[in-house]
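Here's the letter readout for the chains.
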Amino acid sequence: MMAYILSLGVVEDFRKHGIASLLLDNLLSYLTSGEHNDCKAVYLHVLTTNLIAIHFYERRNFRIHNCLPFYYSIQGTACDGYSYVLYINGGRPPSTFIDCLKLFGTFLSKLQPCALPHHFLRFTQGLWRHLVNGTTTNAASSRELPFYSVRSRLVPNAVVQLN
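Residues numbered from 1 in each chain as written. Predicted model: local features only at pLDDT ≥ 70, side-chain atom pairs only at ≥ 80, totals over all residues. Heavy atoms only, no water.

### Focus on the layout of surface pockets
Note the following rule: Cavity means a closed set of points on a 1 Å grid over the protein atoms alone, one where a 1.4 Å probe fits but cannot get out, pocket means an open set with protein on both sides within 12 Å along at least 5 of 7 lines, and lining means a residue has an atom within 4 Å of a point. Grid points are joined across faces, edges and corners, and a volume is the space filled by probe spheres set on the points. Helix and strand assignments come from DSSP, with helices taken as H or I runs of at least 4 residues and strands as E runs of at least 2, each series counted from the N terminus. Each residue gets one of three labels, nonpolar for Ala, Val, Leu, Ile, Met, Phe, Trp, Tyr, Cys and Pro, charged for Asp, Glu, Lys and Arg, and polar for the others, Gly among them.
Put simply, the largest pocket is a space of about 700 Å³. Taken together, 27 residues make up the lining of the largest pocket; nearest its centre are Leu8, Ala20, Ile52, Ala53 and Phe56. Put simply, the parts of the chain that give the lining of the largest pocket at least two residues each are α1 (19-31), β2 (41-47) and α2 (51-59). Top element by residues in the lining of the largest pocket is α2. It accounts for six residues. A class-by-class count of the residues in the lining of the largest pocket yields 15 nonpolar, eight polar and four charged.

Written out as structure tokens, the structure is:
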């Protein structure tokens, strides 16, 4: 189940007295009470030019759901609107293919695939130094690092001192 706010307005002389907040808070309290907690989302529409209303809803955690070109007709002029949504009572947006791509992108960004060539280069340089010199010297570092033996896979956790 969902709720739709058809209209929420306060006469200009009575604005900035918390009336709209009181109305919205009462509606949300009603929709989140035990009796009506099957409502999962609250939707509304707002003109894209109504910045006061947009800030009002965004401060109350409503998020843009859709952009609606030519949604309103005001004095014969087509105007754009936004559809806003607030998920309540454990409601959440439906998953789409784009959501799956975003999740995959987040996963890849945590892997830092752009750093893989750098790590590979450092590994090859260390391997080359080990094969040519028999040591792994690095003037910038003097810490011990785990190193896989090149000559034998029987010593997987040999420790090499970097000087």
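That was the structure; now back to the text.
### Thoughts on α1
What counts here: Here the expected span of a helix is defined as 1.5 Å times the quantity of residues minus one. Exposure categories follow from relative accessible area, calculated using a 1.4 Å probe and restricted to protein chains: below 20% of the type maximum is buried, above 50% is exposed, and the middle band is partly exposed. This arc is taken over the directions from the axis of the helix to the C-beta atoms.
Over its 13 residues, α1 extends 18 Å from the first C-alpha to the last, a length consistent with the 18 Å expected when each residue adds 1.5 Å. Taken together, the buried positions of α1 are occupied by Ala20, Ser21, Leu24, Leu28 and Leu31. Summarising the axial view, the buried residues of α1 lie within an arc of 100°, below the 170-degree limit, and thus occupy one face.

### A look at the confidence of the model for the chain
Basically, it comes down to this: Per residue, pLDDT captures the predictor's confidence, and it can take any value from 0 to 100. Here, two residues are considered to be in contact whenever any of their heavy atoms come within 4.5 Å of each other.
Here the chain averages 79 in pLDDT, and 75% of its residues register 70 or above. Note on residues 136-163: pLDDT under 50 across the span, and 39 contacts to partners over four residues away in sequence or across chains.

### Points about the side chain of Ser21
Tracing the chain through its elements places Ser21 in helix α1. Classification of Ser21 as buried rests on a relative accessible area of 17%. Those residues in contact with Ser21, other than ones at most four positions away along the chain, are Phe56 and Arg60.

### A closer look at the sheet that holds β2
Rules: Should DSSP find at least two bridges between two strands, the strands are regarded as paired. Axis geometry follows a simple rule: fit a line to the C-alpha atoms, using only the stretch in contact for helices, then measure angles between N-to-C directions, giving values from 0 to 180 degrees.
If you trace the four strands from one edge of the open sheet to the other, you get β1-β2-β4-β3, paired in mixed fashion. Strands at the two margins of the open sheet, each flanked by one partner only, are β1 (2-5) and β3 (63-74). With direction set aside, neighbouring strand axes in the sheet form an average angle of 25°. Relative to β1, α1 is tilted by about 165°, and along the sheet it contacts β1, β2 and β4 (77-87). Lying over the sheet, α2 contacts β2, β3 and β4, oriented at roughly 160° with respect to β2.

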